[in-house]
Amino acid sequence: MTGVRKGLAKVEFALRWDPSPAGAPASDLDIVAAVYDVGDLHGTPAQLVHFGSRSPDGTITLNRESQTGQGFGFDEVMTFELDRMGSGLRRVVVGVVIQSAGAGAAGRAKTFADIAGTGFRIREGHTDLAQSDFASVPSATAATVAEFTRDASGAWSFEVRLRGFDTDPEEFARVMGGAR
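What comes next concerns the included structure. Since we're looking at a predicted model, the values are computed, not measured. (Residues numbered from 1 in each chain as written. Predicted model: local features only at pLDDT ≥ 70, side-chain atom pairs only at ≥ 80, totals over all residues. Heavy atoms only, no water.)

## A short note on the overall build of the protein
Helix and strand counts for the protein stand at one helix and 11 strands. Put simply, the protein runs from its N terminus to its C terminus through helices and strands in the order β-β-β-β-β-β-β-β-β-β-β-α. In the protein, the proportion of contacts linking residues at least 24 apart, taken out of those at least 6 apart, comes to 67%. Entry remark: accessible area of the protein is about 8400 Å², with carbon and sulfur atoms responsible for 49%. (Helix = DSSP H or I, 4+ residues; strand = E, 2+ residues; numbered from the N terminus. Contact = heavy atoms within 4.5 Å. Areas by Shrake-Rupley, 256 points an atom, 1.4 Å probe, with all protein chains shown as cover.)

Given below as structure tokens:
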């Protein structure tokens, strides 16, 4: 299920992946959210939220974090309270980045092809807005997944925007919201 939905208030982004095989380095995937204000919709994020950080206004919260993918169901969950965000904040780009503690094939950084069972779900309340995996970006080390935008009336809408990147986590945070 993908597409556009308008009038969103509180949305949950959930990420899953399978643990690495025994003896292999753990795979650590992280959710990253970049929030842009009306003055710079595709440049430098006004807020950057990920493991180890939080949104200053408390509208974006990382509720669950995993460094291994161990557990049942979704391993990481981030909540977005779009309806509480300041009026100057107009765009939120959500992505996933692979933290490379161990190398994939041929000693290179791990890609989505190296990690089994990857997937994401975007939901509002009990309604799934989108659910998919990273099969379309197998050689990427990071990917944008969704974009939330606020229109002039203040209503938030959302679209799935799965796009792969071959970059490290720091660079991904700088380029993930750039104009395509």
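Back to the write-up after that little detour.
## Structural notes on the environment of A26
Within the fold, A26 resides in the loop between β2 (10-16) and β3 (28-37). Judged by relative accessible area, which is 33%, A26 ranks as partly exposed. Taking the C-alpha atoms as reference, A26 lies 9.7 Å from Q99; in sequence the two are 73 residues apart. (Buried < 20%, exposed > 50% of the residue type's maximum accessible area, 1.4 Å probe, protein only.)

## Some thoughts on the nonpolar core
F13, I122 and F148 are the most contacted members of the largest nonpolar core, which has 35 residues in total. When residues of this core are traced back to their parent elements, those giving at least two are β2, β3, β6 (76-81), β7 (89-99), β8 (119-124), β9 (127-132), β10 (142-150) and β11 (156-165). V32, A34, V93 and F165 belong to the second-largest nonpolar core, a separate cluster that totals nine residues. (Core = buried A, V, L, I, M, F, W, Y, C linked by side-chain atoms within 4.5 Å.)

## A look at the environment of V93
Residue placement: V93 occurs in strand β7. Distance from V93 to G177, taken between C-alpha atoms, is 6.2 Å for residues 84 residues apart in sequence. V93 has contacts with V32, A33, A34, Y36, T144, A146, E147, M176 and G177, leaving out every residue within four places of it along the chain.

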